[in-house]
Every structure is written in C-alpha cells, then in structure tokens.
Amino acid sequence: MNTPDIDWESIGFNYVATDFNVRCTYKNGSWGKLRICDSPNINISIASSCLHYGQEAFEGIKAFRGHDGQIRIFRLEENAQRLQASCDGLVMPQVPTELFTEAVIQAVKLNERFIPPYESGATLYIRPLIIGVGHLLGVRPAAEYEFIVFTSPISSYFKTGFSATKAGILRGYDRSAPLGTGCYKVGGNYASGMRAGVRIHELGYSSIIYLDPKEKKYIDECGAANFFGIRGDTYITPKSRSILPSITNNSLMQLCRDFGWAVEQRPVPVDELSTFDEAASCGTAAVVCPISQIDDIDTGHSYIIAKDGRPGPKCTKLYNHLRDIQYGRTDDTHGWNTLI
Ligand SMILES: *Cc1c(COP(=O)(O)O)cnc(C)c1O
C-alpha cells in the first residue's frame, strides 16, 4: 500500500480525491447492492429532485488512526440514525443502519492509505449523502435515490493549537424556520445560511450565532455547530425545534455527567451569555471550538466570555477527553468507537 504524497498539516478542510467511493441505488421501492466506484463524478438526470427542489441530506463522520495504530470510526450508528431522521424529514427512503455502516466501513477500508498518520493530527473525513434522482419535473418526492459515501483527509482544525475565537449574532438572517427543516442535516439549510455566513466572515468573525427564528430571544446554534455555555459546574446547551442535534454535543453532555457536572438542555436566552464562565461551539470538525467573545452586531452589545481570549479549563478538559477516546488513548466506556 503506497502512502500518498500529502502534507497532512496543510490540506485544511478541502476536498482531496481518494481512491474509491461507495454507492447504492434505491429503485422500485428497494435498495440495491453496494457498488465500489473509482470515479468522483455522478451521472444523473438534469430533472433530478436534488437539483431543483433540494431533496438531499448528508452526514459528517471521522475516522482516526489511533496511538495504537488501530483505526476507529466515531459514533457510526448515531450518524446512521440521524440520516434516517433527515430522510424522513425530506420524504426520502431511510438508509437502513446496516447498509449505512457497511458502506462507511467499506469506504474507509478502501481508502485506508488516506487515513492520516496518528502524529499529524489530521483525520479521514467521511461524507455520506443521499440525493433524489430520476426524471421528475413536478414538486413531489423522487422515486429513485442515490446513496453515496466518499472520504477526504482533512487537517487538524486547530493548526496553531487549541484556541478561542470570536462569534457574532446577525439578527437579519435565519437558517431555518421555526417548524422547518433546521433539525435535519440537509443541504437546504446550508444554502439558506450562506448569505449570513459570508457576511459574518466579511465582518471578521469566525462564526455566526443564530437566534431562534420565532422570537429572536434564545440562542439556537452556531453556524454548522451546536452551542454550549458553562457556568460553574453546569453545562448549558440550547433546546430548540430548529437546531440540528449534534452528536458531538450529545457526547459532551455524556462526558459532563461522567465528570459529575450538571447538564441543562433548555432554551437559552441571549442575555444569559453574560453569565457564562466559558462558551464554545461543538461539532465533528473541531470537536470543541471555544468562544472568547460574542458580539450582537445589530444591537451593538458585546458579551466578553474570556477576558484573556483563551479556552477555559472545562472546555479544554472536554476537548481533550473526547479526543482521547477518539484516538484510543483512554477507555471508550460508552462504546462510541467502531474499530476497523
Ligand atoms: C452537522 C451539524 C452540526 C454538528 O453535528 P455533529 O454531529 O456534532 O458533527 C451542528 N449543526 C449543524 C447545522 C450541522 O449541520
């Protein structure tokens, strides 16, 4: 197996072609057999529902080369279940858990030479997706679907070490409607969020914080990541119909309970930001991304969370512990890793 000539530290979060992807077609009411493809392209009808009406959902998972050389995929079954929820949400056929896990494991094994070395801090990102295909013009769910799993190595999120960043609230944008598709991992939410994302970066912030789309009173989530705050020994994270249930957030809540900390999942008023000792966003890409300051841009109010601009001790502990599990450096007491 020849190792690809890749500078693992500099690839960032960009598409790097790997050897194979794995696909499966849904047709005539059932899923077919998994196929291995060496082309990164798809050949679909110009009238596919994914192209016109956004019938598409996806997942994001990571595979790690551990300190012991073992390859681990983090929380594979939870990702399968979440994709099933997204499929229900857009009236697409569910990808059965067994089909999903088999496709992901195959995609990882077939691209094993692209799983970055342990020391690099880089990982193999896995992107499962499902799209509505076939000739269709009217607005209705497609009859045919393509499920695809591809992989791409990505660099460690924190190139210069675990650090905190600034986030901003923009009240002129929503990523989803109060009873819309915010709780599903679908491309349409990302399309809706692009204007705000571009705007916040232009203003010099690393990420946007969305408020609840109904009252603009509560924190929803943070770009493509969930949000949490820490006050004393309590981890506080928003509960809302319009946020995507992050598997990282779910894992961190479990770790908090393991540590003996309290967990509150409830509506979090914007004003409460002023009471937090620490705050962060969380998701597969960064695990934990500490936030030092949040500016409510339209009201001019600033919430300074970390005066020294550095990650707090609890965020750091959560980040380190979750990564220790992912790299096999500590016991996986909840059975979160699938060993390949
Ligand atoms: C994927 C995603 C997250 C993070 O979920 P993880 O399972 O932790 O990666 C958070 N918010 C949105 C909108 C997402 O799409």
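Residues numbered from 1 in each chain as written. Predicted model: local features only at pLDDT ≥ 70, side-chain atom pairs only at ≥ 80, totals over all residues. Heavy atoms only, no water.

**Here's the deal with the nonpolar core**
As a reminder, the rule being used: Put simply, a nonpolar core is a bunch of buried Ala, Val, Leu, Ile, Met, Phe, Trp, Tyr and Cys residues held in one set by side-chain atoms that sit within 4.5 Å of each other. Buried, partly exposed and exposed residues are distinguished by accessible area as a fraction of the type maximum, computed with a 1.4 Å probe on protein chains only: under 20%, between the cut-offs, and over 50%, respectively. To qualify as a helix, a DSSP run of H or I must reach at least 4 residues; to qualify as a strand, a run of E must reach at least 2; elements of each kind are numbered from the N terminus. When checking whether two residues touch, look at their non-hydrogen atoms; a contact exists if any pair is within 4.5 Å.
By size, the foremost hydrophobic cluster in this structure holds 40 residues, and its most contacted members are Trp31, Phe100, Val104, Val108, Ile130 and Phe147. Counting only elements with at least two residues in this core, the list comes to β1 (21–27), β5 (61–65), β6 (71–74), α2 (76–89), α3 (97–110), β7 (123–133) and β8 (144–154). Each residue touching Phe100, except ones within four places of it in the same chain, is listed here: Glu59, Ile61, Leu76, Asn79, Ala80, Leu83, Val95, Pro128 and Phe147. Formed by 24 residues, the second largest nonpolar core is a distinct cluster that contains Leu318, Tyr319, Ile325 and Trp336.

**Let's talk about the site of the ligand**
To keep things clear, this is the line we draw: Residues are classed as near a molecule or strand on a simple rule: at least one heavy atom within 4 Å of it. Think of a polar contact as two N or O atoms within 3.5 Å of one another; within protein, one of them needs to be a possible hydrogen donor and the other a possible acceptor, and neighboring residues in sequence only count if both atoms come from side chains. Method for areas: the Shrake-Rupley scheme with a 1.4 Å probe, in which residue coverage is limited to the protein chains shown.
Taken together, 15 residues surround the ligand, and among them Lys185, Tyr190, Ser246, Thr248 and Thr284 come closest. Between the ligand and Glu221, the relevant distance is 2.6 Å, taken from a nitrogen atom to a side-chain nitrogen or oxygen of the residue. In the environment of the ligand, an oxygen atom lies 2.6 Å from a nitrogen or oxygen atom belonging to the side chain of Thr284. Within the complex, 96% of the 380 Å² of free accessible area of the ligand lies under protein.

**Regarding a nonpolar patch on the surface**
Going by this rule: For patches, a residue must show more than 30% relative accessible area and have no salt bridge; joins then use 9 Å for like charges and 5 Å for nonpolar side chains, namely Val, Leu, Ile, Met, Phe, Trp and Tyr. Within this document, salt bridges are pairs made up of a side-chain nitrogen of Lys or Arg and a carboxyl oxygen of Asp or Glu, the two lying within 4 Å of each other.
On the surface, Tyr53, Leu137 and Val139 cluster together into a nonpolar patch covering about 360 Å² of accessible area. For Val139, a relative accessible area of 68% translates into the label exposed.

**Observations regarding unusual backbone geometry**
The phi dihedral of Val91 falls on the positive side, at around 55°, and the residue is not glycine. In this structure, Val91 sits in the loop between α2 and α3.

**A closer look at the packing of aromatic side chains**
Short version of the rule: Aromatic contacts are taken between Phe, Tyr and Trp rings whose centres are within 6.5 Å, Trp giving its six-membered ring; a plane angle under 30 degrees counts as stacked, one over 60 as edge-to-face, and the others as tilted. Two conditions define a charge sitting above a ring: the NZ of Lys or the CZ of Arg must be within 6 Å of the ring centre, and it must be within 35 degrees of the ring normal.
Scanning the model with the defined rule gives 17 aromatic pairs in all. Centre to centre, the rings of Trp31 and Phe147 are 6.3 Å apart; their planes meet at 75°, and the pair counts as edge-to-face. Pair noted here: Trp31 is in strand β2 (residues 30–31) and Phe147 is in strand β8, with a separation of 116 residues, a long-range link. For the pair Trp31 and Phe147, a shared accessibility class is recorded, and that class is buried. Where Phe64 meets Tyr327, the ring centres are 5.1 Å apart and the plane angle is 75°; that geometry is what we call edge-to-face. Pair noted here: Phe64 is in strand β5 and Tyr327 is in the loop between α6 (313–326) and β18 (337–339), with a separation of 263 residues, a long-range link. A single burial state applies to Phe64 and to Tyr327, both of which are buried. Members of the aromatic cluster, connected to one another through ring pairs, are Tyr26, Trp31, Phe100, Tyr145 and Phe147. Over the ring of Trp261 we find Lys314; its NZ or CZ atom is 5.2 Å from the centre of that ring.

**Some details on the side chain of Ser86**
Structurally, Ser86 can be placed in helix α2. Since its relative accessible area comes to 1%, Ser86 is described here as buried. With sequence-adjacent residues up to four places away left out, Ser86 is seen in contact with Ala57, Met92, Tyr184, Lys185 and Val186.

Note that every value here comes from positions in space, so none of it alone points to a role or purpose.
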